[in-house]
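Here are the chains, one letter per residue:
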Amino acid sequence: MTRAIVICTTCKHADGRKLDDAGRSAGSYMVEAMESLLAEKGRSDVTLQTQACLWNCTRPCSVVVRDDERFSYVTGANQPTREQAEAILAWFDMHGATETGEVPFRQWPDLMRGHFIARMPPLPKGEKA
C-alpha cells in the first residue's frame, strides 16, 4: 500500500505573486510547515512528496492525498501555515483509518472544509496504470 501527502512546490501566493519578497513560493512555505510538523510529531510513517506544479493554479496551495487502495483527493486554497498543515495531517490520518478513503464530513477539521476539488478512485486490483 502506498499513501502520501503531495504538496505543490510552485504554488503562488493568494495575492497572485509567484514569489514573495524572500523569493519563495507559497508552496515552499506549505512544504516547510508540513516537514516541521511531521518532524515535531515524530511521524516517520507519513510519506511527504513534492511536485512542481499540480496544475491547480487558480486555487493555490495545492495538496494531494494520494493512496493506491482508497480514493485519492486533490485539495486547493490551502493556506501555507502550520495550522493548515495540522488540519491536512489530521484529515490524512482519518482517511487512512477508513476502508475506502471516504471521511464523513462531520469529522473533517474545520480548516479542511471547502478545500476539496476532486477525488480519484484507486486502480482496480490487478490493473496497471
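Placed above this text is the structure.
Attention here is on the structure that accompanies the text. (Residues numbered from 1 in each chain as written. Predicted model: local features only at pLDDT ≥ 70, side-chain atom pairs only at ≥ 80, totals over all residues. Heavy atoms only, no water.)

**Side note on the overall build of the chain**
(1) Moving on: Within the chain, the regular secondary structure consists of two helices and five strands.
(2) Moving on: Listing each helix as α and each strand as β along the chain from the N terminus yields β-α-β-β-β-α-β.
(3) Moving on: The C-alpha radius of gyration computed for the chain amounts to 14 Å, which stays within 12% of the reference 14 Å derived for 129 residues, consistent with globular compactness.
(4) Moving on: In terms of overall dimensions, the chain has C-alpha extents of about 45 × 30 × 30 Å along its principal axes.
(5) Moving on: Burial status across the chain gives 40% buried among its 129 residues.
(6) Moving on: Carbon together with sulfur atoms contributes 53% to the accessible area of the chain, which is approximately 7,300 Å² in total.
(7) Moving on: Taking the average location of the 16 positive side-chain charges in the chain and that of its 17 negative ones, the two points are 4 Å from each other. (Helix = DSSP H or I, 4+ residues; strand = E, 2+ residues; numbered from the N terminus. Rg over C-alpha atoms; globule rule 2.2 N^0.38 Å. Buried < 20%, exposed > 50% of the residue type's maximum accessible area, 1.4 Å probe, protein only. Areas by Shrake-Rupley, 256 points an atom, 1.4 Å probe, with all protein chains shown as cover. Lys, Arg positive; Asp, Glu negative; His and termini not counted. Charge placed at Lys NZ, Arg CZ, Asp CG, Glu CD.)

**A look at the packing of aromatic side chains**
(1) Moving on: Applying the stated criterion across every chain, the model contains seven aromatic pairs.
(2) Moving on: A centroid spacing of 5.0 Å and a plane angle of 80° characterise the contact between Tyr73 and Trp91, whose relative ring orientation is edge-to-face. Within this pair, whereas Tyr73 is found in strand β4 (residues 72–75), its partner Trp91 is found in helix α2 (residues 82–96), the two being separated by 18 residues in sequence.
(3) Moving on: Judged by relative accessible area, Tyr73 falls into the buried class, the value being 8%.
(4) Moving on: The class for Trp91 is buried, based on a relative accessible area of 1%.
(5) Moving on: Where Trp91 meets Trp108, the ring centres are 6.4 Å apart and the plane angle is 85°; that geometry is what we call edge-to-face. In this pair, Trp91 sits in helix α2 while Trp108 sits in the loop between α2 and β5 (116–120), placing the two residues 17 residues apart along the sequence.
(6) Moving on: Overall, Trp108 belongs to the buried group, its relative accessible area being 17%.
(7) Moving on: Aromatic ring contacts, followed pair by pair, group Phe71, Tyr73, Trp91, Phe105, Trp108 and Phe116 into a single cluster. (Phe/Tyr/Trp six-rings, centres within 6.5 Å; stacked < 30°, edge-to-face > 60°.)

**Focus on the pattern of salt bridges**
(1) Moving on: Applying the stated criterion across every chain yields a total of 11 salt bridges.
(2) Moving on: Between Arg17 and Asp15 there is a salt bridge, with its nearest N and O atoms 2.9 Å apart.
(3) Moving on: The partly exposed category is assigned to Arg17, whose relative accessible area is 35%.
(4) Moving on: Its salt-bridge partner being Asp93, residue Arg43 comes within 2.8 Å of it at the nearest N-O pair. Placement of Arg43 in the loop between α1 (26–40) and β2 (48–51) and of Asp93 in helix α2 is noted, with a sequence separation of 50 residues between them.
(5) Moving on: Judged by relative accessible area, Arg43 falls into the buried class, the value being 18%.
(6) Moving on: In this structure, a network of salt bridges that share partners links the residues Arg3, Asp67 and Arg70. (Salt bridge = Lys/Arg side-chain N within 4 Å of Asp/Glu carboxyl O.)

**A closer look at the sheet that holds β2**
Paired through backbone hydrogen bonds, the strands of a sheet run either parallel or antiparallel to each other.
(1) Moving on: Strands sit in the order β2-β1-β3-β4-β5 across an open sheet of five strands; the sheet is mixed. Strands at the two margins of the open sheet, each flanked by one partner only, are β2 and β5. Here the strands of the sheet are splayed against their neighbours by 20° on average, with no regard to which way each runs.
(2) Moving on: Bridge count between β4 and β5: four bridges; the pairing is antiparallel. Directly across from Ser72, in β5, lies its bridge partner Met120.
(3) Moving on: Its contacts with the sheet place α1 against β1 (3–8), β2 and β3 (63–67), and it is angled at close to 145° to β1. (Pairing = 2+ DSSP bridges. Axes fitted to C-alpha atoms, helices over the stretch in contact; angles between N-to-C directions. Contact = heavy atoms within 4.5 Å.)

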